[in-house]
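Working through the structure, step by step
Listed below are the residues making up each chain.
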Amino acid sequence: NLTAFFLNFQNLCQKKIIFKEISEHKSYPKFGSVEAWKNICERSKNIKIEKKSVIKFVEKNFKFLLIDERPGLLTGYYEPTINVSFEKKDAFNIPVLKKNNKFKDIPRDRIEKFYDLNDVLVWTDDMIDLFFLQIQGSGLGLLENGEKIKLVYDGNNNLNYRSIGKLLKDENYLEYSNINLFTIKDWLRKNPRKVSEVLNYNERYIFFKIKPIEEMTKGALGVNLKSNISVAVDKKIYPYGIPFLLNIPNEKNTLVIGHDTGSAIKGANRVDLFLGSGKLSEKEAGMLKKKIYLFV
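These notes cover the structure that comes with them.

About the cut-offs
For every chain, the first residue of the written sequence is number 1, and numbering continues from 1 along that sequence. The predicted origin of the model limits local features to residues at a pLDDT of at least 70 and limits the giving and counting of side-chain atom pairs to 80 or more, whereas totals for whole chains, interfaces and linings rest on all residues. Only heavy atoms go into the side-chain values, all of them from the structure, while hydrogens and water stay out. Salt bridges are defined by distance alone: a side-chain nitrogen of Lys or Arg within 4 Å of a carboxyl oxygen of Asp or Glu. Going along the chain from the N terminus, every DSSP run of H or I of four or more residues is numbered as a helix, and every run of E of two or more is numbered as a strand. Categorising residues by exposure relies on relative accessible area from a 1.4 Å probe, with only protein chains included: less than 20% of the type maximum marks a residue as buried, more than 50% marks it as exposed, and the intermediate range marks it as partly exposed. What counts as an axis is a line fitted to C-alpha atoms, over the stretch in contact for a helix, and the angles between N-to-C directions run from 0 to 180 degrees. Each angle is binned into one of four classes, with values under 35 degrees roughly parallel, values over 145 roughly antiparallel, values of 65 to 115 roughly perpendicular, and all other values oblique. Crossing chirality is assigned from the near helix's rotation relative to the far helix, an anticlockwise turn below a right angle marking it left-handed and a clockwise turn marking it right-handed. Residue contacts are counted whenever heavy atoms from the two residues lie within 4.5 Å of one another. Gly falls in the polar group here, along with every residue not listed as nonpolar (Ala, Val, Leu, Ile, Met, Phe, Trp, Tyr, Cys, Pro) or charged (Asp, Glu, Lys, Arg). Residues belong to one nonpolar core when they are buried, are Ala, Val, Leu, Ile, Met, Phe, Trp, Tyr or Cys, and are joined through side-chain atoms within 4.5 Å. Only strands that DSSP links by at least two bridges are regarded as paired with each other.

The subject of this paragraph is the pattern of salt bridges. Taken as a whole and assessed by the stated rule, the structure comprises 19 salt bridges. A salt bridge links Lys 89 to Glu 144; its shortest N-O distance comes to 2.7 Å. Of this pair, Lys 89 sits in the loop between β2 (81-85) and β3 (94-97) while Glu 144 is found in the loop between β5 (138-142) and β6 (148-156), placing the two residues 55 residues apart along the sequence. Judged by relative accessible area, Lys 89 falls into the partly exposed class, the value being 35%. Across the pair Asp 170 and Lys 169 runs a salt bridge whose closest N-O atoms are separated by 3.2 Å. In this structure, a network of salt bridges that share partners links the residues Asp 126, Asp 129, Lys 185, Arg 189, Lys 279 and Glu 282.

This is how it looks when you write it as structure tokens:
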């Protein structure tokens, strides 16, 4: 994990992305001057890609800063797979929509009623799976012939994200300690009459575009996301591209990089860790909910 972290850090240095992100963020120069980052990037070129060397480099070249002493929340996100079809059929009758400015400031329930056929990218067979694809931001579409397409975030309707997990807790449908991806999905499937009402509580709607399947998943920074290295952080507080230390009480510290953000990621100690794709990643992401301190 340390070597993967360091390779990703070197990549940001090489592409000079890190200098632009830091200098253009409203926090500048709180997290270091461009000159200081250039010096560190230059030094990183001569470091052996091995655990001891990376630890020594980090300890020698970085200070750690905690913005807020109140603990926050660590969750996980992943790349889900949904069933799709390019044609509308009996089973495939739920639209996955393309971005269109006419949907700006229009809530989820109205978008789902008043879209046009030319707004449809593909069709899917499960409203709940589509909702969670929208929460994750990108994923894979599985066609009936077994082929896959990549569904990538292409904007939203400009309305605020609202957590359906919080709604289910407030309405006493689920206990807070028992709220995760799987318990929410299970509750929705057992209460089909409530599905639309609960999903529409989150008025934010996500639009997609299709990318080549071989293309890696990218975060808001525009670079490839790396499992257990890439995190989504609050972009109002932190610039993209900087390293962080995840401090989970009673567990090992982990070095990660801010490659992404999300509408639910608000606060200095609020973090979403990218965990990859597939069923195992879904399981890990769905169950991850830990107290955390985020050190820059």
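On to the packing of helix α6 (residues 127-136) against helix α8 (residues 181-190), then. Running from N to C, α6 and α8 point in directions that differ by 150°, and their axes come no closer than 11 Å. Taken together, α6 and α8 sit at an angle that is classed as roughly antiparallel. The two elements α6 and α8 cross, and the hand of that crossing is right-handed. From α6, Ile 128, Asp 129 and Phe 132 reach across to α8, where they touch Leu 181, Ile 184, Lys 185, Leu 188 and Arg 189. Here the contact of α6 with α8 is built from residues that sort into five nonpolar, no polar and three charged.

All right, on to the side chain of Ser 85 then. Relative to the assigned elements, Ser 85 resides in strand β2. Filtering out sequence-adjacent residues up to four positions away, Ser 85 remains in contact with Phe 92, Val 122, Trp 123, Leu 143 and Glu 144.

A cis amide bond, omega 5°, links Tyr 28 with the succeeding residue Pro 29. In this structure, Pro 29 sits in the loop between α2 (17-24) and α3 (34-44). A positive phi angle, near 60°, is found at Lys 16, a position not held by glycine. For Lys 16, the position within the fold is in the loop between α1 (2-15) and α2.

For soluble globular proteins, the rule of thumb is that nonpolar side chains tend to be buried together. Counting residues in each nonpolar core, the largest one holds 60 residues, and the members touching the most others are Phe 9, Leu 188, Tyr 238 and Phe 244. Per element, the largest residue contribution to this core is six residues, and it comes from α1. What Tyr 238 contacts, discounting residues up to four positions off in sequence, is His 25, Phe 31, Ile 67, Val 233, Phe 244, Ala 268, Leu 294 and Val 296. In terms of nonpolar packing, the next biggest core, distinct from the first, is built from 13 residues, Val 84, Leu 121, Leu 151 and Ile 206 among them.

What follows concerns the sheet that holds β3. Pairing is mixed across the open sheet formed by six strands, whose spatial order is β3-β4-β2-β5-β6-β7. Only two strands of the sheet have a single partner each, and these edge strands are β3 and β7 (206-211). For this sheet, the mean angle separating the axes of adjacent strands, direction not counted, is 45°. As paired elements, β2 and β5 share three bridges and run parallel to each other. Across the sheet, Asn 83 pairs through a bridge with Leu 142, a residue of β5. Set on the sheet, α6 makes contact with β2, β3, β4 (120-124), β5, β6 and β7; between it and β3 the angle comes to about 15°.

Around the barrel, six strands lie side by side as β1-β11-β8-β10-β9-β12; this closed barrel has mixed pairing. Strand-to-strand twist of the sheet, defined as the mean angle between neighbouring strand axes without regard to direction, takes the value 50°. One ladder, built from two bridges, connects strand β8 (residues 230-232) with strand β11 (residues 271-277); its direction is antiparallel. Residue Ala 232 lies in a different strand from β11, and its bridge partner there is Asp 272.

Any link to function would need more than the numbers given here.
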